[in-house]
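Fold and contact review
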Amino acid sequence: NKISKPVIGVAFDGTGYGSDGNIWGGEFMVVDRIGFRRVAHFKYLKIPGGEIAVREPQRMAFSITYGCLGDRIFKEELDFLKIKPKSYYDVLIKMLKQNINSPLTSSVGRLFDAVSSILGICHKIKFEAEAAIKLEKLASRSSEKGWYEFDIFQKDKTWIFGYNKLVKGILCDIKKGIPKQDIARKFHNSLVEIIIKAIDKISHKYHLKDVVLSGGVFQNKILFDSVKQRLKQSGYNLILNKDIPLNDLSICLGQIYIAQHSERIEVKRG
């Protein structure tokens with residue numbers, strides 16, 4: 001888009017290697033031609049089993065729910081807990097507690113997987129992004145306007161968005177018998193709210209109004225269209241991909257863009 005001034009960058013994807021050695025995919029950054037400053041992100045979740053969890057969303061569902069409830073999780077009547085015997089989940093607990101093959105991720109893609117499995121929509125992946133696609137399709141059947149809260153806290157001058165309120169809100173609605181399409185829509189609405197809230201915080205602190213959205217998660221039409229509308233209403237200048245799709249190709253071109261303007265990538269902190 002021939003823009004050289006700093007922008008607010010929002011990168012939501014499935015799996016990306018972060019500069020701290022963890023798996024990224026839910027990042028808010030201030031970006032310019034010589035580097036980036038990561039100023040906000042989703043709280044790290046453990047991925048029990050690593051890559052296999054990408055194919056088995058119930059692992060992410062267990063990770064996020066156990067992280068919120070602990071052993072009380074087994075008192076919940078959740079579909080994904082019925083897939084395997086209790087001994088299977090005991091092994092996952094051991095992996096999570098002892099950090100055995102359980103890398104950390106801030107990925108929104110994995111968050112979609114977790115919620116899809118919690119709602120009983122998709123527990124095993126047959127094609128890429130299946131859990132997220134099915135969750136979006138279900139949400140498209142609802143006109144629900146409500147949303148769930150996220151936990152928000154700061155660490156090392158970075159805003160972090162946690163999941164306890166989100167998970168408890170979803171489980172509460174499941175117990176109430178709220179239709180799954182409405183819960184799915186409220187989850188989408190929640191992401192929209194947190195994106196706008198994060199952008200507002202970053203804009204206020206860094207005096208920026210230009211926003212770039214990228215990453216495969218933004219191929220979700222409900223999410224993308226809602227964020228686009230809200231940004232316009234709030235007076236932001238949304239910069240969109242024109243010649244390339246919102247997927248991993250953008251990452252490659254972003255790396256090339258920084259590399260051609262700097263001999264080394266500079267990661268600014270704070």
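Residues numbered from 1 in each chain as written. Predicted model: local features only at pLDDT ≥ 70, side-chain atom pairs only at ≥ 80, totals over all residues. Heavy atoms only, no water.

Attention now goes to the overall build of the protein. Helix and strand counts for the protein stand at nine helices and 10 strands. For the protein, the C-alpha radius of gyration of 18 Å lies close to 18 Å, the compact-globule estimate for 270 residues. When its C-alpha atoms are laid out on the principal axes, the protein stretches across 55 × 40 × 35 Å. Relative to its 270 residues, the protein shows a buried fraction of 51%. (Helix = DSSP H or I, 4+ residues; strand = E, 2+ residues; numbered from the N terminus. Rg over C-alpha atoms; globule rule 2.2 N^0.38 Å. Buried < 20%, exposed > 50% of the residue type's maximum accessible area, 1.4 Å probe, protein only.)

Another aspect to go through is unusual backbone geometry. Although it is not a glycine, Asn99 sits at a positive phi angle of roughly 55 degrees. Summarising the element assignment, Asn99 is placed in the loop between α3 (86-98) and β5 (104-105). Here the phi dihedral of Ala129 falls at roughly 65 degrees; this positive angle occurs in a residue that is not glycine. Considering the arrangement of structural elements, one finds Ala129 in the loop between α4 (108-118) and α5 (130-139).

Quick look at the pattern of salt bridges now. Summed over all chains, the structure comprises 14 salt bridges. Residue Lys124 pairs with Glu56 through a salt bridge whose shortest N-O separation is 3.6 Å. Here the residue Lys124 occupies a position in the loop between α4 and α5, and Glu56 occupies one in the loop between α1 (52-55) and α2 (57-69), the gap between them amounting to 68 residues. Between Lys86 and Asp90 there is a salt bridge, with the nearest N and O atoms lying 2.7 Å from each other. Here Lys86 and its partner Asp90 are both found in helix α3, four residues apart, which amounts to about one turn of the helix. Taking relative accessible area as the criterion, Lys86 reaches 45% and is therefore assigned partly exposed. Here the salt bridges share partners, and the residues they tie into one network are Asp20, Glu27 and Arg38. (Salt bridge = Lys/Arg side-chain N within 4 Å of Asp/Glu carboxyl O.)

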